[in-house]
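# Observations on the model geometry
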Amino acid sequence: TPVPPFDLVIFGAGGDLALRKLFPALAQRNREGVLPEESRILAIVRKPEDLEGLPKQVANRLNEEGLAAEQVAAFLRRLTVVQADALKPETFGALKTALGDTDRVRSFYLSTPPELFIPICQNLAKADILTPTSRVILEKPLGHNLASAREINDAVAAILPESRTYRIDHYLGKETVQNLLVLRFANTLFERSWSSRDIDNVQITVAETVGLESRAGYYDKAGHMRDMVQNHLMQLLTLFAIEPPNMLEAGAVRDEKIKVLKALRPIVGPDVQRYTVRGQYGPGQMDGQRVRGYTDELGYASNTETFVAIRCEIDNWRWAGVPIYLRTGKRMAQRYSEIAVTFKPVPHSIFGGGSCDRLDANRLVIRLQPNDGVQLQLMMKVPGSGRLKVVPRQLDLRYSTAFDERTPDAYERLLTDVIRGDQTLFMHRDEVEQAWAWVDPIIAGWQEYSLHPHRYTAGSWGPSQAIGLIEREGRSWADPD
Ligand code: BG6
């Protein structure tokens, strides 16, 4: 369905995110006829040479994405490049002129460091560019701790209401993440056993094979906790654990998410040492190639973590006593993200006498990437008329085989949701602040107890301490298949 006519202004248009994700997502939507004819994309650049340079960069990027020449040309016709300096209100005149006087939905995507969120919003207001329906989209991370997030939220709230502030976490736009809600609330099967009564433990893994890439300036300051845990992992955890909202609507879903975040048991003081593991990758082999360690890539010494593992618990009626293990890192053995739910074992095995070594517990895996889909591990009888033999096997439902439809990139979905005015897959300020309130004491604990990151070999599953974190409780990380 086409979205209403819009003007989308992108600050930070020459940056990594815009080129890698935003322009390709918009071009896909354009190709599919979702963007109405009169809609425009206005890319803000700071340097005059980018006025001509940016369209070329965008075209190259879209070519790499495999878009046909006429689709690239059609997209470029919508693109207007405008020069402005986020910190200088006097430079916003060109943007005001370019936007003109229309009643199109006007959205501003701040794909910039969070330090620029406040000045950009203030300068848009000063330049009288905001209309009564204007929206602002704030990219993660929103600040670097609770205090800075609050400061941003307060300053933005003085200019735009919460209902027109879209805090993006692209994990919420991933198909499998949305499917998590469908899986839970459109099937009776799982919901009935979705609690401490039947679930033994939950593991959320987001493993990447990439290293620092070209983001040293940002990443080394932020670290993996702020880059991935405070947002993506906590959002996955929250959606996994929420109570059923009464309808799929922004307010109802967000209210439930906030309750989970509030129930997350704080990890403070000595517990930081006990329940969290920081890691940093050293050199190693990946795909037969030697790769450099983190500090070699950086070119200087650093204690920034590139890996985090945490054992946490949700203190509420449904989840009390169920350990939730989070694990995420760069330069890990394989790129894969999943939520693995291990159910409790059967109370008593009737299959003695060598039928099986042990009865594996049922395990439901919600796989985000690659091979997005859902797997359910069941114990099965091996066919044959001899001695009964019982082994674990998978029910394996993959998106690629279950559906003919293309799986869109997360940003495709989220960008059109903004234009449609649907905030369900965006974070309320309370969620972001509550997530920081949980993360801050862990980061403070790392400093207080001088918990430097443990070294792990690039291409491995992280430091051995992360394996110890789960094994000392008699469990092990779920292996990807
Ligand atoms: C981003 C992080 O938000 O998510 C990156 O800043 C990370 O460091 C990326 O690589 C991972 O996203 P995806 O969709 O590739 O899992």
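So, here is what we can say about the structure in this document. (Residues numbered from 1 in each chain as written. Predicted model: local features only at pLDDT ≥ 70, side-chain atom pairs only at ≥ 80, totals over all residues. Heavy atoms only, no water.)

Let us look at a nonpolar patch on the surface. On the surface, I350, F351 and L388 cluster together to form a nonpolar patch covering roughly 270 Å² of accessible area. The residue I350 is located in the loop between β12 (336–343) and β13 (363–369) in this model. Note on I350: relative accessible area 67%, which makes it exposed. (Patch = residues over 30% accessible without salt bridge, like charges linked within 9 Å, V, L, I, M, F, W, Y side chains within 5 Å. Areas by Shrake-Rupley, 256 points an atom, 1.4 Å probe, with all protein chains shown as cover. Salt bridge = Lys/Arg side-chain N within 4 Å of Asp/Glu carboxyl O. Helix = DSSP H or I, 4+ residues; strand = E, 2+ residues; numbered from the N terminus. Buried < 20%, exposed > 50% of the residue type's maximum accessible area, 1.4 Å probe, protein only.)

Right, let's talk about the packing of helix α5 (residues 117–126) against helix α6 (residues 146–157) for a bit. The geometry of α5 relative to α6 is characterised by a closest axis approach of 9 Å and an angle of 5° between their N-to-C directions. Here α6 runs roughly parallel to α5, going by the angle between their axes. Between α5 and α6, the residues in contact are F117, I118 and C121 and E151, I152, A155 and V156, respectively. (Axes fitted to C-alpha atoms, helices over the stretch in contact; angles between N-to-C directions. Parallel < 35°, antiparallel > 145°, perpendicular 65-115°, else oblique. Contact = heavy atoms within 4.5 Å.)

Near the ligand the following residues occur: K140, H170, Y171, K174, E208, R215, D227, M228, H232, K330, R335 and Q369. Here an oxygen atom of the ligand sits 2.8 Å away from a polar atom, N or O, in the side chain of H170. Within the side chain of K174, a nitrogen or oxygen atom sits 2.7 Å from an oxygen atom of the ligand. Relative to its unbound accessible area of 400 Å², the ligand is 86% covered by the protein chains. Here the shell around the ligand takes three residues from helix α9 (residues 216–241), the largest share from any one element. The residue inventory of the shell around the ligand, partitioned by class, reads two nonpolar, three polar and seven charged. (Near = heavy atom within 4 Å. Polar contact = N/O pair within 3.5 Å; in protein donor to acceptor, adjacent residues only side chain to side chain. Nonpolar A, V, L, I, M, F, W, Y, C, P; charged D, E, K, R; others polar.)

With that settled, the discussion passes to α9. The largest bend in α9 amounts to roughly 100° and is located at G223. The buried fraction of α9 amounts to 22 of the 26 residues, a majority that puts the element mostly inside the structure. (Bend = angle between axes of the 7 residues up to and from the residue.)

Bringing unusual backbone geometry into the picture now. Across the junction of K140 and P141, the peptide omega takes the value -5°, indicating a cis bond. Within the element layout of this structure, P141 appears in the loop between β5 (135–138) and α6. The peptide bond linking Q369 to P370 adopts the cis configuration, its omega dihedral lying at -15°. Among the structural elements, P370 can be located in the loop between β13 and β14 (373–381). At R331, a residue that is not glycine, the phi angle is positive and equals roughly 50°. What makes R331 buried here is its relative accessible area of 17%. If you check the backbone angles, S450 has positive phi at about 45° while not being a glycine. In this fold, S450 is placed in the loop between α15 (429–448) and β16 (454–458).

Time to look at the pairing of β12. Taken across its eight residues, β12 has eight buried, putting it largely inside the fold. With burial as the criterion, each face of β12 is covered, one bearing Y336, E338, A340 and T342 and the other bearing S337, I339, V341 and F343. Here strand β7 (residues 199–207) runs beside β12; their pairing, made up of eight bridges, is antiparallel. What sits directly across from I204, in β12, is I339. (Pairing = 2+ DSSP bridges.)

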